[in-house]
Amino acid sequence: MKLLQIVPRKGKHLLGAMVKKQADIRRSGRGTFSRVGARRRNAARWTHVRYRGAIKLKEGPSDAVDVEIRSPEQGDEARLLSSFLGWLDRHFGDEVSSVTIRYHQAARGRR
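Rules used in this analysis
Residues numbered from 1 in each chain as written. Predicted model: local features only at pLDDT ≥ 70, side-chain atom pairs only at ≥ 80, totals over all residues. Heavy atoms only, no water. Pairing = 2+ DSSP bridges. Helix = DSSP H or I, 4+ residues; strand = E, 2+ residues; numbered from the N terminus. Contact = heavy atoms within 4.5 Å. Buried < 20%, exposed > 50% of the residue type's maximum accessible area, 1.4 Å probe, protein only. Axes fitted to C-alpha atoms, helices over the stretch in contact; angles between N-to-C directions.

1. Some details on the pairing of strand E3 (residues 43-48)
Summarising the sheet, strand E2 (residues 33-40) and E3 pair through five bridges and their orientation is antiparallel. Bridge assignment links arginine 35 to a residue of E3, and that residue is tryptophan 46. The antiparallel hairpin formed by E2 and E3 contains two residues in its connecting segment. Relative to strand E4 (residues 54-59), E3 is paired through four bridges, and the arrangement is antiparallel. Across the sheet, alanine 43 pairs through a bridge with lysine 58, a residue of E4. Where E3 folds back onto E4 in an antiparallel hairpin, the turn is made up of five residues, including glycine 53, whose phi is positive at roughly 120°.

Structure below.
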């Protein structure tokens with residue numbers, strides 16, 4: 001599991017803009033991320049077209065966005081992270097102050 005904290009530049013409300021941008025891209029028939037699950041005001045869950053797993057976004061402190069990337073396969077988790085960071089940089093690179101990544105070992109069941 002990867003945990004990210006995205007800190008926007010002053011005065012930017014990033015989560016709402018990210019969700020709106022993803023919806024606009026999807027509406028035009030393009031895009032690799034799809035929103036799934038219940039629509040909530042301060043949170044969203046996305047999946048990727050090719051990679052297993054999910055990206056959970058929620059509002060953090062001071063307009064920051066907390067992101068959790070989780071996949072049952074470690075390789076797909078790394079690809080989800082890379083894909084998400086690329087998407088973030090392409091569409092919101094000028095609006096982001098910093099991105100912090102924390103790596104957490106997910107508890108795996110015995111086989």
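2. Digging into the side chain of glutamate 77
Note on placement: glutamate 77 falls in helix H2 (residues 74-92). Those residues in contact with glutamate 77 that lie beyond four places of it in its chain are Met1, Lys2, Ile69, Arg70 and Ser71.

3. Things to note about the environment of glycine 86
By the element assignment, glycine 86 lies in helix H2. On a C-alpha basis, the gap between glycine 86 and glutamine 22 in space is 13 Å, while along the polypeptide they are 64 residues apart.

4. Quick look at unusual backbone geometry
Residue serine 62 is not a glycine yet carries a positive backbone phi of 55°. By the element assignment, serine 62 lies in the loop between E4 and strand E5 (65-70). A positive phi angle, close to 65°, is found at aspartate 63, a residue other than glycine. The class of aspartate 63 is partly exposed, set by a relative accessible area of 38%.

5. As for the sheet that holds E2
Sheet architecture is open: six strands sit in the order E2-E3-E4-E5-E1-E6, paired in antiparallel fashion. In this open sheet, the two edge strands, each paired with only one partner strand, are E2 and strand E6 (96-103). Across the sheet, the axes of successive neighbouring strands diverge by a mean angle of 20°, strand direction being ignored. The pairing of strand E1 (residues 2-8) with E5 spans five bridges and is classified as antiparallel. Paired with lysine 2 across the two strands is isoleucine 69, which belongs to E5.

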